[in-house]
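Summary of structural features
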Amino acid sequence: GQKVVLITGCSSGIGLRIAVTLAKDEKKRYHVIATMRDLKKKDKLVEAAGDAYEKTMTLLPLDVCSDESVRQCVNSVNDRHIDILINNAGVGLLGPVESISIEEMKRVFDTNFFGVVRMIKEVMPDMKKRRSGHIVVMSSVMGLQGVVFNDVYTASKFAMEGFCESMAVQLLKFNIRLSMIEPGPVHTEFETKMMEDVAKMDFPGVDADTVRYFKDVYLPSSTDIFEAMGQMPEDIAKCTKMVIESDSPRFRNLTNSLYTPIVALKYADETGGLSVNTFYNLLFNFGPLMHITMSILKCLTCSCLRRRTISPN
Ligand code: NAD
């Protein structure tokens, strides 16, 4: 029969694309429950799904920050039977930490970390009873390597990686798989939303040098990186489909080979100096030539440390 796949955060970006890709599976192997906080935002998804809408794809409201919403959503699934849970909902946060309130930081953790924990807590007991299931989590390269001025976002993804790394062992005993997808930059509203937030920032309590490093050094190189190395949501959806269709799904799944040297650095030098200094040089010494530097870095990185990506090509 069809596998029931529940996906969080489907009104845009990667979540939307995963929902559509699975709903349009040629062999109709999936029934997709595409969820979003506000069903008023369903139009883009419904349009992209075309004929699949209300056949292999149905919609449900779900806010991963609300215990009540998570419970109600899972309760309204037939027999609460979910074969594959895809935790995709997430928010970014960019900027000097001095200008970010603890409240804002908590909101990021509530979505990116506790949102995943809420979903897993709600779905896991049924999966355990059935001795089957697959839990997929949208992590990031920033779940493996810290990135300047993304301090809190990175921390939220690290928290989730630690949680999943621990859970994976127990879940395996119940024949439940857990996989993380770790994209580099992806062209979605995520990027646009963060840039809009940044434009509104007035940096209270931040010294002029830090503001300058953020606005004049970090932001332009970040834009360069997105342009040079960004993937499309379709790429991430294809990788995710490969992961859920694999007989022995990988736990970690980097999607962008241009990023593998970055995650290898900390394994190449256990003191951490290599990664800190490389990032320092990338930002402050090479700035505009960042992507060229990245390619050189890729060639230099010891081949035994090169990480294999999941790739449909
Ligand atoms: P996006 O902003 O287009 O999508 C995120 C979705 O999550 C949105 O639809 C948003 O409404 C939803 N969401 C936010 N808070 C929610 C909540 N409380 N409950 C339910 N839904 C909520 O951005 P995206 O790039 O598609 O992001 C999807 C995931 O991919 C995120 O977890 C993000 O951290 C991760 N990611 C993104 C990139 C990137 O560069 N875009 C890179 C690596 C990882």
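Residues numbered from 1 in each chain as written. Predicted model: local features only at pLDDT ≥ 70, side-chain atom pairs only at ≥ 80, totals over all residues. Heavy atoms only, no water.

Our next topic: the pattern of salt bridges. For the structure on display, the rule yields 16 salt bridges. Residues Arg80 and Asp126 are paired through a salt bridge, measuring 3.2 Å at the closest nitrogen-oxygen approach. Linking Arg80 in the loop between helix H3 (67-75) and strand E4 (84-87) with Asp126 in helix H5 (residues 114-130), this pair joins segments that are 46 residues apart in sequence. Of the residues examined, Asp126 reaches a relative accessible area of 14% and is grouped as buried. Notably, a salt bridge pairs Glu245 with Lys241, separated by 3.1 Å at the nearest N-O pair. Of the two residues, Glu245 and Lys241 are both situated in helix H9 (residues 233-245); the distance of 4 residues between them amounts to about one turn of the helix. Residue classification places Glu245 among the partly exposed residues on the basis of a relative accessible area of 32%. What emerges from the salt-bridge pattern is a single network uniting Asp25, Arg29, Lys241 and Glu245. (Salt bridge = Lys/Arg side-chain N within 4 Å of Asp/Glu carboxyl O. Helix = DSSP H or I, 4+ residues; strand = E, 2+ residues; numbered from the N terminus. Buried < 20%, exposed > 50% of the residue type's maximum accessible area, 1.4 Å probe, protein only.)

A few words now on the environment of Pro125. You can see Pro125 is positioned in helix H5. The exposure class assigned to Pro125 is partly exposed, which follows from its relative accessible area of 38%. Spatially, the C-alpha atom of Pro125 lies 22 Å from that of Ala159, the residues being 34 residues apart in sequence.

For the pair helix H4 (residues 102-112) and H5, interaxial distance at closest approach is 3 Å and the crossing angle is 30 degrees. Classed by the angle they form, the pair H4 and H5 counts as roughly parallel. Facing H4, whose interface residues are Phe109, Asp110, Thr111 and Asn112, H5 presents Phe114, Gly115, Val116 and Arg118. Here the residues of the contact of H4 with H5 are counted per class, giving 3 nonpolar, 3 polar and 2 charged. (Axes fitted to C-alpha atoms, helices over the stretch in contact; angles between N-to-C directions. Parallel < 35°, antiparallel > 145°, perpendicular 65-115°, else oblique. Contact = heavy atoms within 4.5 Å. Nonpolar A, V, L, I, M, F, W, Y, C, P; charged D, E, K, R; others polar.)

Another point: a nonpolar patch on the surface. On the surface, a cluster of nonpolar side chains totalling about 290 Å² of accessible area is made up of Tyr213, Tyr280 and Phe284. With respect to the element layout, Tyr213 can be found in helix H8 (residues 208-229). (Patch = residues over 30% accessible without salt bridge, like charges linked within 9 Å, V, L, I, M, F, W, Y side chains within 5 Å. Areas by Shrake-Rupley, 256 points an atom, 1.4 Å probe, with all protein chains shown as cover.)

Judged by which residues are buried, E4 turns out to be covered on both faces: Ile84 and Ile86 on one side and Leu85 and Asn87 on the other are all buried. Where strand E1 (residues 3-7) meets E4, 3 bridges bridge the pair, whose relative direction is parallel. Residue Val5 lies in a different strand from E4, and its bridge partner there is Ile84. Looking at chain direction, E4 and strand E5 (residues 133-138) are connected through 4 bridges and run parallel. Paired with Ile84 across the strands is His134, a residue of E5. (Pairing = 2+ DSSP bridges.)

As a further point, take the site of the ligand. Taken together, 29 residues are adjacent to the ligand, and Ile14, Asn88, Tyr153, Thr188 and Lys193 come closest. Lys157 places a side-chain nitrogen or oxygen 3.0 Å from an oxygen atom of the ligand. For the ligand, an oxygen atom lies 2.7 Å from a polar atom in the side chain of Lys193. Protein chains shield 96% of the accessible area of the ligand, which is 820 Å² for the free molecule. Counting only elements with at least two residues in the shell around the ligand, the list comes to helix H1 (13-23), helix H6 (151-173) and helix H7 (189-200). No other element matches the 3 residues that H7 contributes to the shell around the ligand. Partitioning the shell around the ligand into residue classes produces 13 nonpolar, 11 polar and 5 charged. (Near = heavy atom within 4 Å. Polar contact = N/O pair within 3.5 Å; in protein donor to acceptor, adjacent residues only side chain to side chain.)

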